[in-house]
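# Structural overview for review
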Amino acid sequence: MKRTVDAPNGLRWTVKRLIVPTGFRPLTRTGMLDAATPRRTVVDGMSRQVPDAYGAWTGPLPLGFLIMPVVLPLVPLVLLLRRMRMLPWTIEARTHPWGRRYPPVVLTYAMRGGEETRRAFSQLVEALARGEGAPVIDGAEKFAQPRGPHSGAPVVGTNSSRHFGE
């Protein structure tokens with residue numbers, strides 16, 4: 001299930017029901033860097049930043065290739081558990097109001113059952129077509145967007161007043 005909706009306010013939403021669980025989905029470029037190491041981390045006593053390790057042997061890219069063959073056989077089990085209403089389906093609406101180079105606005109809903117998912121999918125598409133920003137869907141649980149990447153420079157060490165470049 002995938003549909004593109006043009007809202008009256010000029011936003012183009014892509015609404016889809018996710019088959020693969022969120023934890024199995026590949027990381028974006030920014031997410032991959034964030035998973036490797038906290039960006040712009042300052043360690044007390046070091047004169048520069050901690051280097052990013054996304055391409056190193058212990059980074060997310062090589063480890064992802066090692067873990068994927070183990071995780072991939074679990075997808076049919078997840079689909080079976082969703083069919084039995086033990087795991088929820090996820091519906092995601094995504095738009096890029098500032099262009100593809102910047103983080104998207106994502107609305108995520110979870111609900112159990114195939115028929116309920118189809119009904120919630122059509123409700124979400126209709127609400128976005130009317131121009132509602134974050135519609136309330138009957139019988140669905142809405143998940144809030146996680147905080148933005150790189151929202152601050154975490155400092156590691158005893159003296160938290162030191163920051164890189166100051």
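Here is a short report on the structure shown in this document. (Residues numbered from 1 in each chain as written. Predicted model: local features only at pLDDT ≥ 70, side-chain atom pairs only at ≥ 80, totals over all residues. Heavy atoms only, no water.)

All right, on to the pattern of salt bridges then. A side chain of one charge can pair with a side chain of the opposite charge if their charged atoms are brought near each other. This structure, assessed with the given rule, holds five salt bridges. Measuring nitrogen to oxygen at the nearest pair gives 3.7 Å for the salt bridge that ties E115 to R118. Highlighted residues: E115 and R118, both in helix 4 (residues 114-130), separated by three residues, approximately one helical turn. Overall, the relative accessible area of 42% leaves R118 in the partly exposed class. (Salt bridge = Lys/Arg side-chain N within 4 Å of Asp/Glu carboxyl O. Helix = DSSP H or I, 4+ residues; strand = E, 2+ residues; numbered from the N terminus. Buried < 20%, exposed > 50% of the residue type's maximum accessible area, 1.4 Å probe, protein only.)

Before going further, it helps to examine the pairing of strand 2 (residues 12-18). Taken together, the five bridges between strand 1 (residues 2-6) and strand 2 define a ladder with antiparallel strand orientation. If you follow K2 over to strand 2, its bridge partner there is K16. Counting the residues that bridge the hairpin from strand 1 to strand 2 gives five residues, and of these G10 lies at a positive phi of roughly 95°. Where strand 2 lies against strand 4 (residues 89-95), five bridges are found, and the strand directions are antiparallel. Each bridged residue has a counterpart across the sheet, and for R17 the counterpart in strand 4 is I91. (Pairing = 2+ DSSP bridges.)

Right, let's get into the side chain of T108. With respect to the helices and strands, the residue T108 is situated in strand 5 (residues 105-111). Classification of T108 by relative accessible area gives buried; the value is 17%. Other than its neighbours up to four places away in sequence, T108 contacts T90, I91, E92, E141, K142 and F143. (Contact = heavy atoms within 4.5 Å.)

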